[in-house]
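# Geometric and topological summary
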Amino acid sequence: MNVIHLGPRSIAALTLTSAVGVAALGWPFLAPPRSQLTAHATDAPWLFAGLLILLVVVVAATISESGLGPKAVAMLGVLAATGAALRPLGAGTAGIEPMFFLMVLSGRVLGPGFGFTLGGVSMFASALLTGGVGPWMPFQMLAMGWFAMGAGLLPGARRLRGRTELVLLAVYGFLAAFAYGTITNLAGWPFLSGTASNIAFQPDGSVPGNLARFFLYCVATSLGWDLGRALCTVVLTFTLGPAVLRALRRATRRAAFESAVTFEPR
Amino acid sequence: MHSGSRPQQQARASETPPPAPPRHRTHPTPLHPAAWWLWSLSLGIAATRTTNPLLLTLLIATSAYVVAARRPHTPWARSYSAFVKLALAVLLIRLAFAVTLGSPLPGTHVIVTLPEVPLPDWAQGIRLGGKVTAETLTFAFYDGLKLATLLICVGAANALASPTRLLKSLPGALYEMGVAVVVALTFAPNLIADIQRLRAARRLRGRPDSGLRGLLQVGLPVLEGALERSVALAAAMDARGYGRTADVPPRVRRTTNTLTLGGLLGVCAGTYGLLTAEGGTYGIPVLLAGVTAALAGLRLGGRRTPRTRYRPDPWGARAWLVTASGAAVAAALAWASVHDPAALHPGVIPLTTPTLPLYPAAAILLGLLPAFVTTPPEEPS
Amino acid sequence: MIRFEDVSVTYDGATEPTVQGIDFEVPEGELVLLVGPSGTGKSTILNSVSGLVPHFTGGTLRGRVTVAGRDTRTHKPRELADVVGTVGQDPLSHFVTDTVEDELAYGMESLGLPPHVMRRRVEETLDLLGLTDLRARPISTLSGGQQQRVAIGSVLTPHPRALILDEPTSALDPAAAEEVLAVLQRLVHDLGTTILMAEHRLERVIQYADQIALLPGPGEPLSLGTPAEIMAVSPVYPPVVDLGRVAGWSPLPLTVRDARRRASDLRQRLAQAAGSRAAGAARVGAGGTPQARASETPPTATPTRRTWFRSRITPSPLPSPHAAEVQALSIHRTPTRALTDVTLTLTPGETVALMGRNGAGKSTLLNTLVGLIPPTSGTVLTGGTIPHRTPPHDLIRRVGLVPQEPRDLLYADTIAAECEAADADASAAPGTCRTLVTDLLPGMTGVPDDTHPRDLSEGQRLALALAVVLTARPPLLLLDEPTRGLDYAAKARLAAVLKTLAAEGHAIVLATHDVELAAEIADRVVLLADGEIIADGPAADVVVASPSFAPQVSKILAPQKWLTVAQVKAALGAPGPRS
């Protein structure tokens, strides 16, 4: 099932945006000390936050243009609302974020294009709902988009069912939930000024040194959180996964996304 | 309309622009939400130009005063206090890092010496514990306060600008995505009500109506109900004209595509330039060109939907004033940070007492303008 | 205006066409009512006008449908949006935005109307539908009738020439239904809008119809005619028509007013018949004991009543003489008080109809009886225990509630799993629930066990939820608005089931807007207004005195206290010596 079909233009836009996204996240390790970015290390995260907003908007417009029918938009809205409603559930308790589980399963059932859009729209909607729009939002939108899109790109979307599929989704969910945490850390890390702390990004430092600092930063800030989130995704996939997958597949069948419309003369 | 024979039909055809729009507004026109965002972000940019705690405190006070005076009585307005708490947490975490993990800053005023835990070789000289100096703490405090101020300014925008009105101002090219977000915003409260209702209904089946298990079991029926409703909603949207497209000449469509993709390519190339040591010269110009092209593509892409807006927020004189006041603050501090860096970045080594520079401080007070030029919020009904 | 030319629709995966040979025309400016039993394809016909069938649903449409000259084969629903407005059954799933004003403008925004036109039409529509005071309100805070009016308004703003409505009043109380129907009548009369509407509750709408299109059964051809012509042959009809048939009136009366004019003769016959019978039976139904009523009113649509239950569902024995006792109950909920000083006693074997406006506190009272809401003051006892302090697995043996939305009770994804879970919840013998389902609805045997409960029809789903609740054999059964979306046949089946249950000793409370159902099965009617009980007494006494809650038969035959056609039939069937 591929509810939102990505045309060549959307794929091109998505690839280019992802490339800039990778640079926006990985620049502390990619940029040599003599580059412009490192020279303005305190301003770089702001530049990228602004740039990513624009890029996410452009990708969204390109995907919209290639055809977002009413069925896809309504399902997008409803699932994003579900994701957004699930998000505050776990906000207080370490890493219990059922939203990730829903994103993995929706991406799997409804395809990569829908997954990417859903991830972005969900983060945007939940930021609006909770009044949490901030410089982290574009990074989160992109990361969540990748996360749900990845689930849609997993092999065997049409054939693989049952236990094997669950294991596949759980493994992906675990790794990707962890990766999501690392990505958001990577986005937040450069905001910590280099001279303020020993675990902050040091523009003139070596790559291994910065990697070590980043690793310690992750351990110090969010390891427990990320682990909780990854485990929560795995547990939910195994317990509720089969039922939710059935519900999603049933809904897509009922919505008749792919059924043919024919007319015959009298 | 296909035929214009009926009287009603003709009445419709004669719907030419009226002499003046009917004055039915029962409430004062709210300020354009984008103006609030520009004002808040400008204050945020101003905050990034300085580490002077007195100036930063003044910025926080300015935004807090405007929020207190102009915050509407809506749920999202409560997010300001959430942002303040977040800012405080950020500040405290920064200080905790500085205490436990130390900083590369050489300092002489040792406050306390913690027991030091040696870390393995790969940790590249990072230590746990050790000397805590006044310089380290002061710098961490200044830096943390800068970020906290920024967060509080963003929080002000979240509290002052209505998210639904902001959505109305989305560019036409994002129409479909905008509808999806509107649906999500409308639907989320219903969903929470559904969860509560179904959780209570578990009692009717003789199952406990509290606990995590109950929540999980209710989750599935709620999801199924939501998906079912999405199909009904899609049908209603289709029948109400969602997704009508205007005829766009192929030339315009090609231009849109070229601008969008070319713009993205430009942004990519510009970013690459910034990332490399050699690209320093062309990085920024190429990036800017890419951004401009992408924005133009976005604007042109809006032509494909014929959709119009009901009661759009006017961008009037007050919106200009509010935006200008924010921009003035940002510009003043940016200018001062270049011409008087010492005052805006009080020294840490050696430790000096920060002083309040007169002109930048006066400039920050310009940011209070919105509290006087905008209309106060409506009382809750 | 709307033309069907020999139309058949076959959905994907279906072997038979859902509707076939549909050929009729709705003339401009008329209100045509589409009637027929459930499952005959009414929704398919309605949705093919707006082009949703087959563009949205998929499937094959043979023949041709045109609206205002536009052919749905070449025009997608969105391209018909300016000539047809469609309002579905559930207004809540119709809304895209969250406030009244934005919702009214949404359709016009999609069509790209200029802002000043939108502004004017929103104001006009707010005035036309009486929504001006609600313009800035969030839609979720509105009552059902207000929501339905907003839904209608939201499709009116693009000035469509035809309006398609699918059961616009079935979820509404009588007063709110009147509001909506008055609006529709105004549209037809003042603006010349063409309306095609499906509705189960014929007693509410038939007087507004210019013509009726009848779908007598699945796959059968549609016939179009004047209301009187169609009602003479229709398998679904309101009580007034039923009474007309019983009395042998021709042409059939369609409104209470028509019938009253002719009823003097019938009233006389009834008075004679009643006079000739024993004094106790004379005032049939008027405060008769439950036992007497259960035996005297044979259900109209169920001649095989005694085979309803293979196994008698005897309620578990009660520790107290009352099924429930409510003393001086008050419930406060900010900002209003939901119930004030309510005192009520329910005895086994009694059927009580709880009536009143939307928001009068009916659902609150039912929810209090099952402990969903703790009382603010006063006491509630159900089966001798305090409901909100009783553990749920114990409570379901004392009281059962079928909520307004039976779906809320169903969690599993097959009927079989649902029934097994119900047996386990109630610690009943395996198979109890499944047997109950078949007993309640013999038609359910044809439905495979692995059907998803959400794929059932409204009537089937209600039967399943009722069976789930009855598995624990509660002596007190509560039903909230059970007839929502049911056609006459399903309603008659429900009435028969409830009568049997009452005869077996269950106390039954139904909160309902459906005056005909209340008249048919209730011994006692409790009227609630603003959270207070304003009337409590024998059904005949209470409803006959109330203009909005009186059933059609009692309006026609007043001042005599007859409530249902069945009673009249029974009285005439036992003629006195002089007739």
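Residues numbered from 1 in each chain as written. Chains lettered and ligands numbered in written order. Predicted model: local features only at pLDDT ≥ 70, side-chain atom pairs only at ≥ 80, totals over all residues. Heavy atoms only, no water.

### Side note on the interface of chain A and chain C
Frequently, the measure chosen for interface size is the accessible area that the parts lose on association. Counting residues at the interface gives 15 residues for chain A, matched by 20 residues for chain C. Taking both partners together, chain A and chain C bury about 1500 Å²; carbon and sulfur atoms supply 48% of that area. Along the contact surface separating chain A from chain C lie 4 salt bridges. Between D455 of chain C and R250 of chain A there is a salt bridge, with its nearest N and O atoms 2.8 Å apart. Summed over the shared surface of chain A and chain C, the result is 12 residue pairs in polar contact (both at pLDDT 80 or more). Secondary structure elements with two or more residues in the side of chain A that touches chain C: helix 4 (70–86), helix 11 (241–254) and strand 1 (261–264) of chain A. Here the element with the most residues in the side of chain A that touches chain C is strand 1 of chain A; it accounts for 4 residues. Among the residues forming the side of chain A that touches chain C, the class breakdown is 7 nonpolar, 2 polar and 6 charged. In this structure, strand 1 of chain A lies alongside strand 4 (residues 59–67) of chain C, joined through 4 bridges in parallel fashion. In the strand pairing of strand 4 of chain C, F263 of chain A is matched with L61 of chain C. (Contact = heavy atoms within 4.5 Å. Buried area = accessible area lost by both parts, 1.4 Å probe. Salt bridge = Lys/Arg side-chain N within 4 Å of Asp/Glu carboxyl O. Polar contact = N/O pair within 3.5 Å; in protein donor to acceptor, adjacent residues only side chain to side chain. Helix = DSSP H or I, 4+ residues; strand = E, 2+ residues; numbered from the N terminus. Nonpolar A, V, L, I, M, F, W, Y, C, P; charged D, E, K, R; others polar. Pairing = 2+ DSSP bridges.)

### Things to note about the sheet that holds strand 18 (residues 524–529) of chain C
Residues and elements named next belong to chain C. If you trace the 6 strands from one edge of the open sheet to the other, you get 15-16-17-13-18-19, paired in mixed fashion. At either end of the open sheet lies a strand with only one pairing partner, and these are strand 15 (399–402) and strand 19 (532–538). Within this sheet the neighbouring strands show an average axis-to-axis angle of 15°, counted without direction. Pairing between strand 16 (residues 476–480) and strand 17 (residues 507–511): 5 bridges, direction parallel. Paired with L477 across the two strands is I508, which belongs to strand 17. (Axes fitted to C-alpha atoms, helices over the stretch in contact; angles between N-to-C directions.)

### Some words on the sheet that holds strand 3 (residues 31–35) of chain C
Strand-to-strand pairing in sheets goes through backbone hydrogen bonds, with the strands running parallel or antiparallel. Residues and elements named next belong to chain C. Reading across from one edge, 6-7-8-3-9-10 is the order of the 6 strands in this open sheet, with mixed pairing throughout. The open sheet is flanked by strand 6 (84–87) and strand 10 (223–225), the only strands paired with a single partner. Taken over all neighbouring pairs, the strand axes of this sheet differ in orientation by 15° on average, direction set aside. Across 3 bridges, the pairing between strand 9 (residues 211–214) and strand 10 is antiparallel. In the sheet register, A213 faces strand 10, and the bridge partner there is L224. Against the sheet, helix 7 (residues 174–191) touches strand 3, strand 7 (162–166) and strand 8 (194–198), its axis set at about 150° to strand 8.

### A word on the environment of S259 of chain A
As for its position among the elements, S259 of chain A is in the loop between helix 11 and strand 1. Taking relative accessible area as the criterion, S259 of chain A reaches 23% and is therefore assigned partly exposed. S259 of chain A has contacts with D12, T57 and G58 of chain C, leaving out every residue within four places of it along the chain. (Buried < 20%, exposed > 50% of the residue type's maximum accessible area, 1.4 Å probe, protein only.)

### Focus: unusual backbone geometry
All names here are of chain C. Each neighbour pair has its own omega, and for V53 with P54 the value is 5°, a cis peptide bond. Take P54: it is sitting in helix 2 (residues 52–55). A558 connects to P559 through a cis peptide bond whose omega is 10°. Locating P559 in the fold gives a position in the loop between helix 22 (552–557) and helix 23 (565–573). One non-glycine residue with positive phi stands out, namely A68, at about 45°. Residue placement: A68 occurs in the loop between strand 4 and strand 5 (70–71). The residue S427 is not glycine, and still its phi comes out positive at about 50°. Locating S427 in the fold gives a position in the loop between helix 16 (415–425) and helix 17 (432–440).

### Looking at a nonpolar patch on the surface
Residue and element names in this part refer to chain A. There is a patch of nonpolar side chains on the surface, built from V167, V171, L175 and F238 and spanning about 330 Å² of accessible area. For the nonpolar patch, the element with the most residues is helix 8 (residues 163–188), which contributes 3 residues. Examined against the element boundaries, L175 turns out to sit in helix 8. Using a relative accessible area of 54% as the deciding quantity, one classes L175 as exposed. (Patch = residues over 30% accessible without salt bridge, like charges linked within 9 Å, V, L, I, M, F, W, Y side chains within 5 Å. Areas by Shrake-Rupley, 256 points an atom, 1.4 Å probe, with all protein chains shown as cover.)

### Quick word on helix 16 of chain C
Residues and elements named next belong to chain C. Those residues of helix 16 that fall on the buried side of the exposure criterion are I415, E418, C419, A422, D423 and D425. The buried residues of helix 16 occupy one face: seen down the axis, they fall within an arc of 165°. Across from the buried face of helix 16, at angles greater than 90 degrees, the exposed residues are E420 and A424. Residues of helix 16 that are buried sit in contact with helix 17 and helix 18 (458–470). (Arc of directions from axis to C-beta.)

### Overview of the confidence of the model for chain A
This prediction gives chain A a mean pLDDT of 84; 94% of its residues lie at or above 70. No element of chain A has a lower mean pLDDT than helix 2 (residues 36–39) of chain A, which averages 72, and none a higher one than helix 7 (residues 137–153) of chain A, which averages 91. (pLDDT = per-residue confidence, 0-100.)

### Brief notes about the side chain of K146 of chain B
Residue and element names in this part refer to chain B. Its place among the elements puts K146 in helix 5 (residues 134–160). It turns out K146 is buried and unbridged, and the closest side chain with the opposite charge, D143, is 4.3 Å from it. Setting aside anything within four residues of it in sequence, one finds K146 in contact with A47, T48, T50, T51 and L56. (Lys, Arg positive; Asp, Glu negative; His and termini not counted.)

### Some thoughts on the confidence of the model for chain C
Residues and elements named next belong to chain C. Confidence in the prediction for chain C averages 84 pLDDT; 90% of positions are at 70 or higher. Note that pLDDT drops below 50 for residues 278–308; the model gives that stretch 45 contacts with residues more than four away or on any other chain. Every residue in residues 575–579 scores below 50 in pLDDT, and together they form 3 contacts with partners more than four places removed in sequence or on other chains.

### Thoughts on the interface of chain B and chain A
Tallying the contact residues gives 81 residues for chain B and 91 residues for chain A. Counting each side, the surface lost to burial between chain B and chain A is near 7000 Å², with a carbon and sulfur contribution of 79%. Counting the contacts that link chain B with chain A gives 0 salt bridges. Run the count over chain B and chain A and you get 3 residue pairs in polar contact (both at pLDDT 80 or more). At the level of elements, helix 2 (33–48), helix 4 (79–101), helix 5, helix 6 (163–168), helix 7 (175–201), helix 8 (211–239), helix 9 (250–275) and helix 10 (283–301) of chain B are the ones that each hand at least two residues to the side of chain B that touches chain A. The element that contributes the greatest number of residues to the side of chain B that touches chain A is helix 8 of chain B, accounting for 14 residues. When grouped by side-chain class, the residues that make up the side of chain B that touches chain A number 58 nonpolar, 12 polar and 11 charged.

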